[in-house]
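# Close look at the chain arrangement
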Amino acid sequence: MDNATLIEIIAFLIIAFRIYILNSMQVKSALDKMFVIYSLKNHSPFLGYIVMFYIEIILVAEYYILGVLDVGLLFLAVIDVFIQYKNIFISLVTNDKEVYLETIIKSNFKTLTRDEYHKIADELKKPQPVWKLYSTELIVFVFVIWTISMGNGFNG
C-alpha cells in the first residue's frame, strides 16, 4: 500500500467516524449538529476534539505522510475553525438546547426583532436531508481524493 492510499483510507475512516458519531446522536438539523459537537466538547473532550477537528487531522496526516499541503482543505479548515470559534467555543455550560440556541443567535446577531429571532431559530431547527447535513464531510473527502490524484497542493 502506498502513502496516497493510506491517506485516502485515513480520511475515509475519520470522516466515517464523524458521520457515525453525529448520526448515532440523531442529528436532524443544523442546530442538532452544532449542539452535539458542543456537547461532545464539554462532556467527552477527546472524542469531541476528534469530531470537531477532523479536517485538521486529515491536513496533518497529508502533510506528514505525503509532504503535501492541501490548499483547498486548508481553506475549509480556516472557515470551520471560525465557525467553531463563534458557535462551539463559547462561555456557556448547558445541557439545554434552547439555551444554547438563544446564546448562539444572540452572540451572532446583536440587534434582532422578535420575528427575526424566531425566523433564524426556526431555520436552524428545520430538519434537513442527510446529504445537506453531511455535505461538508463529502466536500472534504472529495478535496482529499482530488489533491492526491491530481498532485495539487504545495509540496512541503
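Residues numbered from 1 in each chain as written. Predicted model: local features only at pLDDT ≥ 70, side-chain atom pairs only at ≥ 80, totals over all residues. Heavy atoms only, no water.

## A few points about the overall build of the protein
Quick reminder of the rule: Secondary structure counts use DSSP, requiring at least four H or I residues in a row for a helix and at least two E residues in a row for a strand, with both numbered from the N terminus. The method behind every accessible area is Shrake-Rupley, applied with a 1.4 Å probe, and residues are considered shielded solely by the protein chains displayed. Two residue types count as positive, namely Lys and Arg, and two as negative, namely Asp and Glu; His and chain ends fall outside the count. We put the charge of a Lys on NZ, of an Arg on CZ, of an Asp on CG and of a Glu on CD.
Of regular secondary structure, the protein possesses nine helices and two strands. Going residue by residue from the N terminus, the α and β elements of the protein occur as α-α-α-α-β-α-α-α-α-α-β. The principal-axis extent of the C-alpha atoms belonging to the protein is close to 55 × 30 × 30 Å. With an accessible surface of roughly 9,300 Å², the protein has 67% of that area assigned to carbon and sulfur atoms. Side chains of the protein give 13 positive and 15 negative charges; the mean places of these two sets differ by 8 Å.

## Some thoughts on helix 3 (residues 45-52)
In plain terms, the rule: The rule is simple: take the accessible area with a 1.4 Å probe, protein chains only, and divide by the maximum for that residue type; under 20% is buried, over 50% is exposed, in between is partly exposed. What the arc describes is the spread of directions from the helix axis to the C-beta atoms.
Of all the positions in helix 3, only Gly-48, Val-51 and Met-52 are classed as buried. One face of helix 3 carries all of its buried residues, which in axial projection span an arc of 95°.

## Some words on the pattern of salt bridges
Inclusion rule: By definition, a salt bridge exists where a carboxyl oxygen of Asp or Glu is found within 4 Å of a side-chain nitrogen of Lys or Arg.
Scanning all chains against the criterion turns up six salt bridges. One salt bridge in this structure joins Lys-125 and Glu-98, with 3.1 Å as the shortest N-O distance. Here Glu-98 lies in helix 6 (residues 97-108) and Lys-125 lies in helix 7 (residues 114-125), a separation of 27 residues in the sequence. Owing to a relative accessible area of 34%, Lys-125 belongs among the partly exposed residues under this scheme. Overlapping salt bridges, with partners in common, bring together Arg-18, Lys-33 and Glu-137 in one network.

## What to know about the nonpolar core
For clarity, the cut-off: Residues enter a nonpolar core if they are buried and are Ala, Val, Leu, Ile, Met, Phe, Trp, Tyr or Cys, with the set joined through side-chain atoms within 4.5 Å. The criterion used for residue contact is that any of the two residues' heavy atoms lie within 4.5 Å.
With 24 residues, the main nonpolar core has Leu-22, Tyr-38 and Tyr-100 as its most contacted residues. The element that contributes the greatest number of residues to this core is helix 2 (residues 30-43), accounting for seven residues. Once residues lying within four places of it in the same chain are set aside, the contact partners of Tyr-38 are Ile-88, Ile-90, Leu-92, Val-93, Thr-94 and Tyr-100. Judged by nonpolar contacts, the second largest core, of 16 residues, contains Ile-15, Tyr-54, Leu-76 and Val-140.

## Some remarks on unusual backbone geometry
At Gln-26, a residue that is not glycine, the phi angle is positive and equals roughly 55°. For Gln-26, the location among the structural elements is in the loop between helix 1 (3-24) and helix 2.

## Observations concerning a nonpolar patch on the surface
Inclusion rule: A patch consists of residues whose relative accessible area exceeds 30% and which take part in no salt bridge; residues with like charges are grouped when within 9 Å of each other, and nonpolar side chains (Val, Leu, Ile, Met, Phe, Trp, Tyr) when within 5 Å.
Judged by side-chain polarity, Met-1, Leu-6, Ile-9, Phe-12 and Leu-13 come together as a nonpolar surface patch covering roughly 530 Å² of accessible area. Residue placement: Met-1 occurs in the segment before helix 1. Using a relative accessible area of 76% as the deciding quantity, one classes Met-1 as exposed.

## Observations regarding the side chain of Glu-62
Residue position: Glu-62 is located in helix 4 (residues 54-66). When residues no more than four places from it in sequence are discounted, the contact partners of Glu-62 are Ile-7, Gly-67, Val-68, Asp-70, Leu-73, Val-144, Thr-147 and Ile-148.

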